[in-house]
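Observations on chain architecture
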Amino acid sequence: MIDLNFLGRLRTKAKLKKSYKDAKISYLNRIRWAVSMFYFGMGLCFATWASRIPDIKTTLHLSEGDLGSILFALPLGQLVIMPFSGKLVTRFGSHRILIFSLLLYVFSMTNLGLAAAAWQLSLGLFVFGIFGNLSNIAVNTQGVYTEVLFKKTIMSSFHGMWSFAGFMGALVGLGMLAFELSPYTHFLIVAGIVFLMMAFNYKFLIKAKEIKQTEKKKLFSKPDSALIWLGVIGFCCMASEGVMFDWSGVYFKDVIKAPGPLVILGYTSFMIMMAGGRFLGDGLIQKFGRKTVLQISGIMISAGLFTAVFFPFVIPATIGFMLVGLGVSTIVPTVYSVAGKNPNVSPSVALTTVSSVSFLGFLMGPPIIGYIAELSSLRFSFAFIGVFGIFIAIMVSRIKAIA
């Protein structure tokens, strides 16, 4: 159904075909929908894994420190492939890499449900991270291409589909828990849904190759400083996101003492507000400007996490997680949008640079939470991450590329 035998048919393509720019709005909207559905598929996979973390933690008899160490494997896999992901997308085309990597991302997700020991889960998360990063660079490159065709800011809406998928994944996870289905059965069902989604939309991905840079650069050459600072902002945001993805369920179970299925309430409320904020984000940015929106977003992250820390009860903690969701909603899409339009670097390489720094947040955030919780408490570790939102608000005002 999906032809992946592309290695022998590669052709040199410089930029978007003129046919895309001259296409009717109905066809452009179909492209936008297809790209959105690939964002949705990636978000659904990640949310499916995240929704079963508390269950898997209990099944494998893991402590907070053990879980923190194991969660280190996922971003480690992402970091290992990062020096090559942008070059692979540039060499083979984002549409091909996206199809290939998302198929393997889904397959590696199902294997997580088979883990019977800590080392097996660690290995599975490492592979999950590798194909997750490849999918991430490829799909965001498609997002940058599509934004160019529409000639307006739409990146936030793409990430909104990812977040909406997270909300749907949380709801599906709640249903699977209610029916007492195993993580592996749960993951297989979601895999089937994503495969169908890909089958109906892969033909509408933008088929383009990036212009090769005339100046040959070394594999680990010094990146553009503006991209590094954008990555630092992404780091602080993704550290906060990573904590919410990996630890919100544990926080509601162990600190809030939420009963039964309400353990997933914190994660669900976070995902709902992050999705809503991203669908509204493009309009807010056009009205108030990137800088103002990002500064307010940083303050909301800190306010939300501190609320959950100082008032560890179901209702205030849920409200706090909602604030965090709103706060992180526009930061990463905006950072990626600005990076993808850097005049000195191709979109996929620019996105790789920003992602490399940003995903250090995913690398360091969740494990640090586990280690701090082991030494003191989970509440104190959440307060530590809460400071990052203030850093975002300060750094945004000092970066000229953000207007």
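All of these numbers come straight from a predicted model, not from anything done at the bench.

1. So, the side chain of serine 358
Mapped onto the secondary structure, serine 358 falls in helix α15 (residues 347-375). Assessed through its relative accessible area of 1%, serine 358 is described here as buried. A distance of 3.4 Å separates a polar atom in the side chain of serine 358 from the backbone oxygen of glycine 231. A distance of 2.8 Å separates a polar side-chain atom of serine 358 from the backbone oxygen of valine 354. The residues contacting serine 358, other than those within four sequence positions of it, are Gly231, Gly234, Phe235 and Met238.

2. A short note on empty space enclosed by the protein
A complete count under the given rule lists three cavities of 30 Å³ or more for this structure. Forming the boundary of the second largest cavity are eleven residues, of which Phe46, Leu71, Leu74, Pro75 and Asp246 lie nearest the centre. Secondary-structure elements contributing two or more residues to the lining of the second largest cavity are α2 (25-51), α5 (73-92) and α15. Tallied by class, the residues present in the lining of the second largest cavity amount to nine nonpolar, one polar and one charged.

3. Here we look at the pattern of salt bridges
Within this structure, the stated rule accounts for two salt bridges. Where arginine 52 meets aspartate 55, a salt bridge forms, and the shortest distance between an N and an O atom there is 2.8 Å. Take aspartate 55: its relative accessible area is 27%, and that puts it in the partly exposed class. Between glutamate 241 and arginine 278 there is a salt bridge whose closest N-O contact spans 3.6 Å. Of this pair, glutamate 241 sits in helix α10 (residues 225-254) while arginine 278 sits in helix α11 (residues 265-288); the two residues are 37 residues apart in sequence, bridging distant segments of the chain. Exposure remark for glutamate 241: the relative accessible area of 4% places this residue in the buried category.

4. Considerations on a nonpolar patch on the surface
Judged by side-chain polarity, Ile299, Val387, Ile390, Phe391 and Ile394 come together as a nonpolar surface patch covering roughly 390 Å² of accessible area. Considering every element that reaches the nonpolar patch, the biggest residue donor is helix α16 (residues 378-396), with four residues. You can see isoleucine 299 is positioned in helix α12 (residues 290-310). Under the relative-accessibility criterion, isoleucine 299 is labelled partly exposed at 47%.

5. Some points on unusual backbone geometry
Located in the positive-phi region is glutamate 180, a residue other than glycine, with phi close to 55°. With respect to the secondary-structure elements, glutamate 180 resides in the loop between α8 (155-178) and α9 (183-201). The exposed category is assigned to glutamate 180, whose relative accessible area is 72%.

6. Brief notes about α12
End to end, α12 covers 31 Å across 21 residues, agreeing with the expected 30 Å (1.5 Å per residue, within 8%). Buried residues of α12: Arg290, Val293, Leu294, Ser297, Gly298, Ile301, Ser302, Gly304, Leu305, Ala308 and Val309, and no others. Looking at the buried side of α12, the elements it contacts are α10, α11, α13 (314-329), α14 (331-340) and α16.

7. Quick notes on the environment of leucine 294
Structurally, leucine 294 is set in helix α12. With a relative accessible area of 0%, leucine 294 lands in the buried category. When the C-alpha positions of leucine 294 and glycine 327 are compared, they lie 8.2 Å apart, and in sequence the two are 33 residues distant. Setting aside anything within four residues of it in sequence, one finds leucine 294 in contact with Thr330, Ile331, Thr334, Ile392, Val396 and Ile402.

Conventions adopted
Numbers given to residues run from 1 along each chain, matching the order in which its sequence is written. Whole-chain, interface and lining totals are the exception, using all residues; otherwise, since this is a predicted model, local features are given only for residues with pLDDT of at least 70 and side-chain atom pairs are given and counted only at 80 or more. Side-chain metrics rest on all non-hydrogen atoms present in the structure, leaving aside hydrogens and water. Numbering of helices and strands starts at the N terminus; helices are DSSP runs of H or I of at least 4 residues and strands are runs of E of at least 2. Residue burial is assigned from relative accessible area. The probe radius is 1.4 Å, only protein chains are included, and a residue is buried under 20% of its type maximum, exposed over 50%, and partly exposed in between. Distance and chemistry together define a polar contact, namely a pair of N or O atoms within 3.5 Å, with one atom able to donate a hydrogen and the other to accept it when in protein, and with adjacent residues in sequence counting only for side-chain atoms on both sides. By definition in these notes, contact holds between two residues if any of their heavy atoms fall within 4.5 Å. Cavity and pocket criteria rest on a 1 Å grid covering protein atoms alone: a 1.4 Å probe that fits but cannot get out defines a cavity, protein on both sides within 12 Å along at least 5 of 7 lines defines an open pocket, and an atom within 4 Å of a point defines a lining residue. Grid points are joined across faces, edges and corners, and a volume is the space filled by probe spheres set on the points. Side-chain classes are defined by residue name, with Ala, Val, Leu, Ile, Met, Phe, Trp, Tyr, Cys and Pro counting as nonpolar, Asp, Glu, Lys and Arg as charged, and the others, Gly among them, as polar. Salt bridge, as used here, is a side-chain nitrogen of Lys or Arg placed within 4 Å of a carboxyl oxygen of Asp or Glu. Here a patch means residues that are over 30% exposed by relative accessible area and free of salt bridges, tied together within 9 Å if like-charged and within 5 Å if nonpolar (Val, Leu, Ile, Met, Phe, Trp, Tyr). For accessible areas, the Shrake-Rupley method is used with a probe of radius 1.4 Å. Any residue's cover is judged against the shown protein chains and nothing else. Here, expected helix span is obtained from the residue count minus one, scaled by 1.5 Å.

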